[in-house]
Amino acid sequence: MLRLVLRRIAWSVPLVFAVSVLTFVLLAVTPGDPTRAILGEEAPPEAYVQLRDRLGLNDPIYVRYWDWLRDAIHGDLGSSLFTAQPVTSAIATRIPVTIALVLGAMLLSTMIGVGLGVLAAIRGGVSGRVIDVLSLAGTAIPNYWLALVLVAVFAVRWPIFPATGYTTFAQSPTEWLRSLVLPIIVLAVGGFALLAKQTRDAMLDALSRDYVMTLRANAVSERSIIFKHVLRNASIPVVTVLGLKFAQLLSGTVIVESVFVLPGLGGLAVDATQRHDVAIVQGVALCFTFLVVGANLLVDLAYGWLDPKARVG
Amino acid sequence: MRSGRRLLDVDGVTVEYPRGRRTPPLRAIDGVSLTVHPRETVGLVGESGSGKSTLGRAILGLVAVRSGRITFDGHDITHARARDRRRLSTDLQVVFQDPYSSLNSARTVADTLAEPLRVHERLSRAEVRGRVHAMLDRVGLFADAAGRYPRHFSGGQRQRIAIARALMLSPRLVICDEAVSALDLSIQAQILNLLLDLQEELGVSYLFISHDLAVVRHMSHRVVVLHDGKVVEAGTTEQVCDEPREPYTRALLASAPVPDPALQRARRESRRGTTSEMVAVRYV
Amino acid sequence: MTEVLVSVAPAEPVAAEPGFIRRLLRRPLAVASLTFLNLAVLSAVFAPVLAPYSPTELDLSNVLSGPTWAHPFGTDDLGRDVLSRIMYGGRVTLVGAAIGVTVAFAVGVSAGLVAGYVDGWFDNAVNRVADMALAIPHIIILLVVLSVFGRNEKIAMVTFGLLVSPTAMRIIRGSTLAVRHELFVDAARVSGLTTRQIIVRHIVPRVSGAVIVLVSLISASAVLVETGLGFLGLGVPPPTPSWGELVAVASTQVHTQPWLLVPSGLLVAVSVLSFGLLGDAARDASTEGWQARTPQGRGPRRRAVVESAEAAVAERAEAEIQVPTGSLLSVRDLIVEFATPAGPVRVVDGVSFDVRRGDALALVGESGCGKSITARALIGLLPPGGYVAGGSCLFGGRDTVRLEAHALRKIRGSEIALVSQNAIACLDPVFTVRSQLGELVRIHEPRISRVAETARVRELLEMVHLPDPGAVARRYPHELSGGMAQRVAIAAALAGRPQLLIADEPTTALDVTLQAEILDLLCELQERTGMAILMISHDWGVVADLCRHAIVMYAGQVLEAADIEAIFEQPLHPYTAGLLLSNPQLGRPRQRLSAIPGAIPPPGRWPHGCRFHPRCSYATLECQLGPIPLLEHEQSRVARCIHSDQLRAKVSV
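In this convention, every chain numbers its residues from 1, walking through the sequence in written order. Ligands are numbered from 1 and chains lettered from A, in the order in which they are written. Confidence filtering applies because this is a predicted model: local features only for residues at pLDDT of at least 70, side-chain atom pairs given and counted only at 80 or more, and all residues used for totals across whole chains, interfaces and linings. With hydrogens and water excluded, all non-hydrogen atoms of the structure serve as input to the side-chain values.

(A) Representation of the overall build of chain C. From N to C terminus, chain C includes 24 helices and 12 strands. In this treatment the radius of gyration is a C-alpha quantity, and the globule benchmark scales as 2.2 Å times the residue count to the 0.38 power. Relative to its length of 653 residues, chain C is extended, with a C-alpha radius of gyration of 34 Å against a globular reference of 26 Å. For chain C, the C-alpha atoms occupy an extent of roughly 105 × 70 × 60 Å along the three principal directions. Note on classification: 1.4 Å probe, protein chains only; a residue is buried when its accessible area is under 20% of the maximum for its type, exposed when over 50%, partly exposed between these limits. Put simply, chain C has 653 residues, and 56% of those count as buried. Pairs at least 24 residues apart make up 67% of the contacts formed inside chain C by residues separated by at least 6 positions. The sign given to each residue is positive for Lys and Arg and negative for Asp and Glu; His and the chain ends receive no count. Charge placement uses NZ in Lys and CZ in Arg. For Asp and Glu, CG and CD serve respectively. Averaging the coordinates of the 57 positive side-chain charges in chain C and doing the same for the 58 negative ones gives two points 3 Å apart. By definition, any uninterrupted DSSP run of H or I lasting at least four residues is a helix, any uninterrupted run of E lasting at least two residues is a strand, and each is numbered from the N terminus. Contact criterion: two residues are considered in contact whenever any of their non-hydrogen atoms come within 4.5 Å of each other.

(B) Inspection of the nonpolar core at higher detail. Judged by nonpolar contacts, the single largest core of 124 residues is most densely connected at Phe260 and Val284 of chain A together with Ile140, Leu143, Ile203, Ile218 and Phe231 of chain C. A total of 12 residues in this core trace back to one element, the largest contributor, which is helix H9 (residues 195-231) of chain C. Excluding its chain neighbours within four sequence positions, the residues that come into contact with isoleucine 140 of chain C are Ala269, Val281, Val284, Ala285 and Phe288 of chain A. Here, the term nonpolar core denotes a set of buried Ala, Val, Leu, Ile, Met, Phe, Trp, Tyr and Cys residues that are joined through side-chain atoms within 4.5 Å. With 88 residues, the next largest nonpolar core counts Val433, Val464, Met484 and Tyr618 of chain C among its residues.

(C) Just helix H5 (residues 155-167) of chain B, in detail. The end-to-end C-alpha distance of H5 of chain B is 19 Å, a good match for the 18 Å that 13 residues give at a rise of 1.5 Å each. With respect to burial, H5 of chain B is a largely interior element, 13 of its 13 residues being buried. One less than the residue count of a helix, multiplied by 1.5 Å, gives the span that helix is expected to have.

(D) Structural view of the packing of helix H11 (residues 265-274) of chain A against helix H12 (residues 278-306) of chain A. Residue and element names in this part refer to chain A. H12 packs onto H11 with a crossing angle of 150 degrees between their chain directions and a minimal axis gap of 9 Å. Taken together, the axes of H11 and H12 are roughly antiparallel relative to one another. The two elements H11 and H12 cross, and the hand of that crossing is left-handed. Contact residues: H11 offers Leu265, Leu268, Ala269, Ala272 and Thr273, while H12 offers Ile280, Val281, Val284, Cys287 and Phe288. The classification used treats Ala, Val, Leu, Ile, Met, Phe, Trp, Tyr, Cys and Pro as nonpolar, Asp, Glu, Lys and Arg as charged, and all other residues, Gly among them, as polar. For the contact of H11 with H12, the residue count by class is nine nonpolar, one polar and no charged. Simply put, an axis is a line fit to the C-alpha atoms, just over the touching stretch for a helix, and the angle between two N-to-C directions goes from 0 to 180 degrees. Roughly parallel means an angle under 35 degrees; roughly antiparallel means over 145; roughly perpendicular covers 65 to 115; every other angle is labelled oblique. The crossing is said to be left-handed when, going from far helix to near helix, the turn is anticlockwise and less than a right angle, and right-handed when the turn is clockwise.

(E) Highlighting the interface of chain C and chain B. Opposite the 80 residues of chain C that make contact, chain B presents 80 residues. Any carboxyl oxygen of Asp or Glu that lies within 4 Å of a side-chain nitrogen of Lys or Arg is treated as forming a salt bridge with it. The interface formed by chain C and chain B includes eight salt bridges. In this structure, the salt-bridge partner of arginine 268 of chain B is aspartate 545 of chain C, at a minimum N-O distance of 2.5 Å. Polar contacts here mean pairs of N or O atoms no more than 3.5 Å apart (in protein, one a potential hydrogen donor and the other a potential acceptor; neighbouring residues in sequence count only if both atoms are side-chain atoms). Where chain C packs against chain B, one counts 32 residue pairs in polar contact (both at pLDDT 80 or more). In terms of residue count, helix H19 (residues 512-529) of chain C provides more of the side of chain C that touches chain B than any other element does, 11 residues in total. Grouping the constituent residues of the side of chain C that touches chain B by class yields 37 nonpolar, 21 polar and 22 charged.

(F) Spotlight on the sheet that holds strand S11 (residues 631-632) of chain C. All names here are of chain C. If you walk across this open sheet you meet the eight strands as S6-S7-S8-S3-S9-S10-S12-S11, and the pairing is mixed. Two strands lie at the open edges of the sheet, namely strand S6 (416-419) and S11, each paired on one side alone. Relative to strand S7 (residues 500-504), S6 runs parallel, the two being bridged by four bridges. Bridged to alanine 417 within S7 is leucine 501. In this fold helix H13 (residues 371-378) packs onto strand S3 (360-364), S7, strand S8 (532-537) and strand S9 (549-554), with an angle of close to 145 degrees to the strand it touches most, S8. With respect to the sheet, helix H18 (residues 482-494) is in contact with S6 and S7, its orientation differing from that of S6 by roughly 170 degrees. Two strands pair under a simple rule: DSSP has to find at least two bridges between them.

(G) Structural context of the confidence of the model for chain C. Residues and elements named next belong to chain C. Across the chain, each position has a pLDDT score giving the predictor's confidence in that residue, from 0 to 100. Here chain C averages 85 in pLDDT, while 91% of its residues score no lower than 70. For chain C, per-element mean pLDDT is lowest for helix H12 (residues 302-315), which scores 48, and highest for S8, which scores 96. In the predicted structure, residues 1-15 sits below a pLDDT of 50 and forms 39 contacts with residues beyond four places in sequence or in another chain. Across the assembled chains, the prediction reports ipTM 0.88 with pTM 0.85.

(H) Quick look at the arrangement of the chains. The assembly contains two pairs of chains in contact; the pair sharing the most contacts is chains B and C. Separated without contact, chain A and chain B have their nearest C-alpha atoms at a distance of 11 Å.

(I) Fine view of the side chain of threonine 108 of chain B. Positionally, threonine 108 of chain B belongs in the loop between strand S6 (92-95) and helix H3 (109-120). Every residue in contact with threonine 108 of chain B, bar those within four places of it in the chain, is listed here: Ala146, Gly147, Arg148 and Tyr149 of chain B.

(J) Geometry of helix H15 (residues 433-444) of chain C. Counted at 1.5 Å a residue, the expected span for H15 of chain C with its 12 residues is 16 Å, and the 17 Å between its end C-alpha atoms agrees. By the burial criterion, the buried members of H15 of chain C are Val433, Gln436, Leu437, Gly438, Glu439, Leu440 and Val441 of chain C. Considering only its buried residues, H15 of chain C is in contact with helix H10 (222-260) of chain A together with helix H16 (450-463), helix H17 (469-474) and H18 of chain C.

(K) Layout of the environment of glycine 74 of chain B. All names here are of chain B. The topology assignment puts glycine 74 in the loop between strand S4 (67-72) and strand S5 (75-76). When its relative accessible area of 63% is taken as the criterion, glycine 74 is described as exposed. Spatially, the C-alpha atom of glycine 74 lies 8.2 Å from that of leucine 8, the residues being 66 residues apart in sequence.

(L) Molecular detail of the packing of H15 of chain C against H16 of chain C. All names here are of chain C. Contact geometry for H15 and H16: axes closest at 9 Å, N-to-C directions at 110 degrees. With respect to their mutual orientation, H15 and H16 come out roughly perpendicular. Note that H15 runs across H16; the crossing there is right-handed. Here H15 contributes Val433, Arg434, Leu437, Gly438, Val441 and Arg442 to the contact with H16, which in turn contributes Arg450, Glu453, Thr454, Arg456, Val457, Leu460 and Leu461. Among the residues making up the contact of H15 with H16, the classes are represented as six nonpolar, two polar and five charged.

(M) Main features of a positive patch on the surface. A patch consists of residues exposed above 30% relative accessible area that lack any salt bridge, with like charges linked at up to 9 Å and nonpolar side chains (Val, Leu, Ile, Met, Phe, Trp, Tyr) linked at up to 5 Å. A 1.4 Å probe and the Shrake-Rupley method give the accessible areas. Residues count as covered only by the protein chains that appear here. Side chains of Arg3 and Arg7 of chain A, Arg21 and Arg22 of chain B together with Arg128 of chain C sit close together on the surface and give a patch of like positive charge. On the accessibility criterion, arginine 21 of chain B (89% relative accessible area) is exposed.

(N) The packing of aromatic side chains, seen in detail. Aromatic contacts are taken between Phe, Tyr and Trp rings whose centres are within 6.5 Å, Trp giving its six-membered ring; a plane angle under 30 degrees counts as stacked, one over 60 as edge-to-face, and the others as tilted. Evaluated as defined, the whole model comprises five aromatic pairs over all chains. For the ring pair tyrosine 144 of chain A and phenylalanine 231 of chain C, a centre distance of 5.0 Å and an interplane angle of 15 degrees mean the geometry is stacked. With tyrosine 144 of chain A in helix H7 (residues 143-157) and phenylalanine 231 of chain C in helix H9, the pair connects residues from two separate chains. On the basis of relative accessibility, which here comes to 1%, the residue tyrosine 144 of chain A falls in the buried class.

(O) Structural context of the pattern of salt bridges. Within this structure, the stated rule accounts for 56 salt bridges over all chains. Glutamate 222 of chain A is the partner of arginine 216 of chain A in a salt bridge, and the nearest nitrogen-oxygen pair spans 2.7 Å. Judged by its relative accessible area of 24%, arginine 216 of chain A falls in the partly exposed class. The shortest N-O distance in the salt bridge between glutamate 524 of chain C and arginine 528 of chain C comes to 3.6 Å. With glutamate 524 of chain C and arginine 528 of chain C both in helix H19 and four residues apart, this pair spans about one turn of that helix.

(P) Inspection of the sheet that holds strand S4 (residues 386-395) of chain C at higher detail. All names here are of chain C. The four strands lie next to each other as S2-S1-S4-S5, forming an open sheet whose pairing is antiparallel. One side of each edge strand has no neighbouring strand; the edge strands of this open sheet are strand S2 (343-356) and strand S5 (398-399). In the sheet, S4 pairs with S5 via two bridges, with the strands oriented antiparallel. Bridge pairing in S5 links leucine 394 to aspartate 399. Along the sheet face, H13 touches strand S1 (327-340), S2 and S4 and points at about 110 degrees away from the line of S1.

(Q) A look at the interface of chain C and chain A. Contacts between the two partners involve 61 residues from chain C, matched on the other side by 65 residues from chain A. Interface area, chain C with chain A, both sides summed: about 5600 Å², of which 75% is carbon and sulfur. We note a salt bridge from glutamate 439 of chain C to lysine 228 of chain A, for which the minimum N-O separation is 3.4 Å. Counting every contact that joins chain C to chain A gives 11 residue pairs in polar contact (both at pLDDT 80 or more). Note on terms: buried area is the combined drop in 1.4 Å-probe accessible area of two parts once they are placed together, counting the loss on both.

(R) Quick look at the pairing of S4 of chain C. Residues and elements named next belong to chain C. Taking burial as the measure, the 10 residues of S4 include nine buried ones, the bulk of the element. One ladder, built from eight bridges, connects S1 with S4; its direction is antiparallel. The partner of valine 336 across the bridge, within S4, is valine 388. In sequence, S4 turns back onto S5 through a hairpin of two residues, with glycine 396 there showing a positive phi of about 55 degrees.

See the structure below:
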């Protein structure tokens, strides 16, 4: 088991490394000229040259990467081209918001999704169709639109929740919660129906296996079969889905934070993109990758714990 | 029935499967030799893990041979390339065990049977159709089977189609890899009869691979017994099955139950009388 | 030549299979989706002609109006007509989505096909790349690209396509791998086809369903991403409209004109939905011809079953059910049916037999005769859709087919136990042997202490002669060999000290030497515990080895029942005789066997009269007229044949 953990961690390091190379190379070799994007087309020619120098764009690429990496390892991801604020501090202040959002959505959609899926598998009948329809609708509805509709209904028409804005937990726990409710719902809704469908499919698959019939033949109670045996087996494929879910939710924060004007990483990235603030976007990309890799690591560990077959090397 | 000339000659063949970086490779077959003559059926019998299917696949070029030589009609086919295999396929064919997996369910029976023809011969559509219908008739299926998909057929019928496909180009050797193992007893008897008839009529040889000693004994002129990738015993059917010399062969023969209650009772008594090492070996 | 001309009796009449388009158009959801998408595409293409207004035409006197005759979808904050903007916006969004889909398809599908088919370095490399790519959240890379290039939609959508292609590659690779190892691919290789020919002719048609669904899903995703970018203000620059931008405009007017949200958002949602539904329907339509569909009917609920069974019994009340003394289990006229969309199909049709204490009885027959279903019905373990439609099964004074679930549970395991084929699949893969056996011990002895439970588990493992029971107990099912797993399964069945063990083809999946050992074990257990065995098998050798009586089943009926020696010495039914003659052990080497001609009739298509008569060489006209009853012979043998005497006249087998 320990060996499995170490191996997974060992694999994650080159992965993050590779991602950093990827984003850096992407930015470095794309034929667009960031200086033109930053300064516009009207600036005097010397301004472009100066900016290129300042940004180190004239050095060969491996030099630039090495400089960047060296700084990055020391915790210096550069500074914003506009506010001159260090990237790391910009990220650090905003990470709690995004994490709160994602974890909240994860919790909500997992509870509802898995719960519905188990229920549908046990009850059978029309609930299966309902879940199919719901999951289809859930994937089709754009999250930005859903956010707007919820705002229109629950913030404008009936002002229960704030339409935009964010209060930190320190300032007021209740307000903090209120400002997060609608965003979390928007994030969670997109995926819970799909999760329900996958949970139901996994449970039905497990229920159709030979060992379930054998358990019945050996007089194991139906309750025990479902909640001890089948759930445990079905959780294996569902756990892998949860890992993907995390990445999806993280992507979703980009839109949700923009609509609800929450000071998180996603909103930061969008603003930076509009301003061509390359350093910030790069920093956020790396941060997101770290988070996804971390989540996948947890998923792998859970997987190894749940499935004895996965523990062999 | 048997001419002195050898059709297939397997000489000291070894096949290995890699098992990861730290474990030594698995020796599926270890220095196996056998021969098949024209118009002859050689039975290859063994339990699971004996390597019998692997040998068949090695002869057909579906797995790589580590060492040794396979000669067909005088030509060395051990490491034959795609082009050589293509030419070989007019003489060497196969019938697999699983009738549900060995036919492409997305293609009609006619397409499946016509495929070997299209690869090797330039025939008009009418000629192809004629050959397909003739072969269907020969294996005992009505002509209207040609336009159907495999899902319309039972296991026994699908095996007939698989046999028809194997025989489309009149091969000289057909490898039957557990060809009847998945069939019911009454259907199995029909297919065995069909195979015997076709051998009589077309002079084809079979390498009959099976775990079922009774079937192998019924079909073969000569028998080769495999265990753990090695040849344990070989000889004519009468020699191997009536007067086995090796303990493994004897154990194999003694274990397969026969429909004779008195004999089975006697065997059980003798098994109980001795604590055989065979029992201990099997506990892995 | 072969005596057999097996006619092909198809399940449905085979008319010429209609073309793909026609099959697609038979599905209402597909038609609806196609209609909508066509509408969207056409209105986008012909927008300059069809749109009532120019998309940039301002009408400041008519700002934020709701739906009116002049403006069916209303106007935005600058007085621009929403409908026209939708049409023109479609040009941007649909083209963008198309770019993304094309790139993803081109890269992902081809890489997936090759990676799935050709083993080796390419597969490995592609997998590594995919692993990395999947760890990166897509949208952030899109933002990275956009931060460099500014608002260049084409580049953004190409990037999207590239980001999605690893997922596409994974899916197609998976489908290709599944097909790659099928035997017909090997057969094609043996026939001399080249790799390219095999991929094109064999792999692609089988993978086409997955590809179609994939393309539709990517299309849906592309529309969502493109509109998402437009919403964030990162798409095409104004004044060109796009669907995402329409939602953005609507978002600024949430307080004043919420109606604007409706056309813009619904448009995107319905488009995405259409792609999804169309993909599903197209996949079904393309595989319809050759994909076997298993019709699943819903069985009646348990209460209904019990009621109908009671009614059936009431009907047959005249025949007094005499349970012979010493009988542990008495089955009388058992009828089992399956609910299908085409109506109920009878699988077991009036089977009766007795099992005495300590006896060993075999139900013998070929596939489809109903022997397994009969055994399952005894303890209420029929597959979904199956139900007992009549008859009774008396065990210890109770009729098991009429018992409610909790009463049945009391019988299972502790009175009647079951052992199946394929033992490893019959054990829960996530629990150890010790855990599973312990659970069973506790069920039958609820107050047992932990220490006693461990001892009992050990005792059970020793009873089945597993060396080193402690080590085996700690293993998981996938760590057991076939023989060991079967012994563990038998140990599990013994946990409740049953009086009757139903063994359903327990040795079929095992090697012949292992088979002998398991049969020896079963025989020994019988002697030690005095339990009876009901063996289900198709193998006459196994039956001869273990059982004292045999019941031959065919097409849902009992055709013959007798002591085992009597059956082998003198079968009284032509089917039994034919089966015994079909055995290669009894044939002469390399000579034709006396095979039974014809095929086994499936349930639902049993012949009238004697069900075996189309294949029987003794059949006469009488055999077809009506059902043949079980006729009694000496020594309480029975046979369902009116020509048994002719069999006697022949030389016995």
